[in-house]
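Working through the structure, step by step
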Amino acid sequence: MGKSPSATALAGRALITGGTSGIGLEFARQLASRGNPLVLVARDGERLERTCEQLRWRYGVEAEPLAADLTAEEDRLRVADRLRDEAKPVGILVNNAGMGLHHPLVTDDVAPHRTAMDLMAWCVLELGAAAGLAMAKRGEGIIINTASVSGLVPMGAYSALKAWVRVYSDSLYLQLSDSGVHVTTFMPGWVRTEHHARAGISTSNIPDFLWLDLEKLVSTCLADTAKGKVRSTPSLRYKIISFAAEHGPKAAVRAVAKKINRGRS
């Protein structure tokens, strides 16, 4: 998908899930530097408080901590309620929380897959629904959903979930396109964060040229969103990779994915 008819203002309070590390924290920093008040959502309450305090001190913006385990229904509902709060409305939702998942599909233990689905699919839908309704009533707002270029290739349940986010996010854009609410599907590639270490995923076989700079990754997404783009794939190399993954010979795509998966074992 390309571009919506008009540019979009990155205005108002931003609620960011997974806002204390990696891509989420970089979104928080860059939006705070623009003067956007923040609501950060993360599981670790102490780290969340420290992060909010640092952002207040550095950027002089309001930074509200909202501790929540987004794999738990009760906590998701609390975050959804915050998105509906018209006393302090949220103008930007960054649906970013995620987890590493390198668990076999053929297994007696599917619990890790269920946890990942709760976090990276159900939570994205539930928060997107709450934000979409609240924003549509006001006639304005932005939703950024973090998918991944990995969602274009068959690399296990993580890729399958990111493919779901991509299709969901593009669909949400269509449903909200006449409401004044803009949706951008964010398609990052490999970026060095805590994500892989936490999941115990080896990245030693990933070539250096595939790694992206975190600051540039997020600034590109925000610039694309402000231009009204429906999909943001930072860097020319990942635009080329994404095109090849979507439109190239499927046998070749599967062969490359199999080689990468073998190297990550």
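Residues numbered from 1 in each chain as written. Predicted model: local features only at pLDDT ≥ 70, side-chain atom pairs only at ≥ 80, totals over all residues. Heavy atoms only, no water.

Points about the confidence of the model for the protein chain
Taken over all residues, the pLDDT of the protein chain has a mean of 87, while the share at 70 or more is 84%. A low-confidence stretch, residues 1-5 (pLDDT under 50), is modelled with 17 contacts involving residues beyond four sequence positions or located in other chains. (pLDDT = per-residue confidence, 0-100. Contact = heavy atoms within 4.5 Å.)

Observations concerning the packing of helix H1 (residues 22-33) against helix H7 (residues 214-226)
As a packed pair, H1 and H7 sit with axes 9 Å apart at the nearest point and diverge in direction by 60°. When the axis of H1 is compared with that of H7, the two are oblique. Here H1 runs over H7; the crossing is right-handed. Contacts between H1 and H7 pair Gly22, Ile23, Glu26, Phe27, Gln30 and Leu31 from the former with Leu214, Glu215, Leu217, Val218, Ser219, Cys221 and Leu222 from the latter. For the contact of H1 with H7, the class distribution of residues is 8 nonpolar, 3 polar and 2 charged. (Axes fitted to C-alpha atoms, helices over the stretch in contact; angles between N-to-C directions. Helix = DSSP H or I, 4+ residues; strand = E, 2+ residues; numbered from the N terminus. Parallel < 35°, antiparallel > 145°, perpendicular 65-115°, else oblique. Left-handed = near helix turned anticlockwise from the far one by under 90°. Nonpolar A, V, L, I, M, F, W, Y, C, P; charged D, E, K, R; others polar.)

Some words on the sheet that holds strand E1 (residues 13-17)
Neighbouring strands of a sheet are bound in pairs by backbone hydrogen bonds; such pairs are parallel or else antiparallel. Taken in spatial order, the 7 strands make up an open sheet running E3-E2-E1-E4-E5-E6-E9, and their pairing is parallel. On the outer flanks of this sheet lie strand E3 (63-67) and strand E9 (231-232), each paired with one strand and no other. Sheet strands in contact with helix H2 (residues 45-59) are strand E2 (38-42) and E3, and its direction is about 170° off that of E3. In this fold helix H4 (residues 111-138) packs onto E1, strand E4 (90-95), strand E5 (141-146) and strand E6 (181-186), with an angle of close to 160° to the strand it touches most, E4. (Pairing = 2+ DSSP bridges.)

Section: the packing of H1 against H2
Viewed as axis vectors pointing N to C, H1 and H2 meet at an angle of 25°, and their least axial separation amounts to 10 Å. Comparing the axis directions of H1 and H2 gives the class roughly parallel. Between H1 and H2 lies a crossing whose hand is right-handed. Every residue of H2 that contacts H1 at Leu25, Ala28, Arg29, Ala32 and Ser33 is listed here: Thr51, Leu55 and Tyr59. A breakdown of the residues in the contact of H1 with H2 according to their chemical character gives 5 nonpolar, 2 polar and 1 charged.

Considerations on the packing of aromatic side chains
Under the defined criterion, the tally for this structure stands at 2 aromatic pairs. When the ring of Phe27 is compared with that of Phe186, the centres are 5.7 Å apart and the planes differ by 85°; the resulting orientation is edge-to-face. Of this pair, Phe27 sits in helix H1 while Phe186 is found in strand E6, placing the two residues 159 residues apart along the sequence. Each member of the pair, Phe27 as well as Phe186, is classed as buried. Aromatic pair Trp164 and Tyr168: ring centres 5.0 Å apart, planes at 5°, arrangement stacked. (Phe/Tyr/Trp six-rings, centres within 6.5 Å; stacked < 30°, edge-to-face > 60°. Buried < 20%, exposed > 50% of the residue type's maximum accessible area, 1.4 Å probe, protein only.)

What to know about the side chain of Thr51
Here Thr51 is to be found in helix H2. Take Thr51: its relative accessible area is 6%, and that puts it in the buried class. In this structure Thr51 touches Gly19, Thr20, Leu25 and Leu40, once residues within four positions along its chain are discounted.

So, helix H8 (residues 236-247)
Across its 12 residues, H8 extends 16 Å between first and last C-alpha, which sits within 8% of the 16 Å expected from 1.5 Å per residue. Restricting attention to buried positions, one finds in H8 the residues Tyr238, Ser242 and Ala245. Down the axis of H8, the buried set is contained in an arc of 65°. They therefore lie on one face. The exposed set on the far side of H8, more than 90 degrees from its buried face, consists of Leu236, Ile240, Phe243 and His247. (Expected span 1.5 Å × (residues − 1). Arc of directions from axis to C-beta.)

A word on the side chain of Glu64
Structurally, the position occupied by Glu64 is in strand E3. Residues in contact with Glu64, not counting those within four places in the same chain, are Leu38, Val39, Leu40, Cys52 and Arg82.

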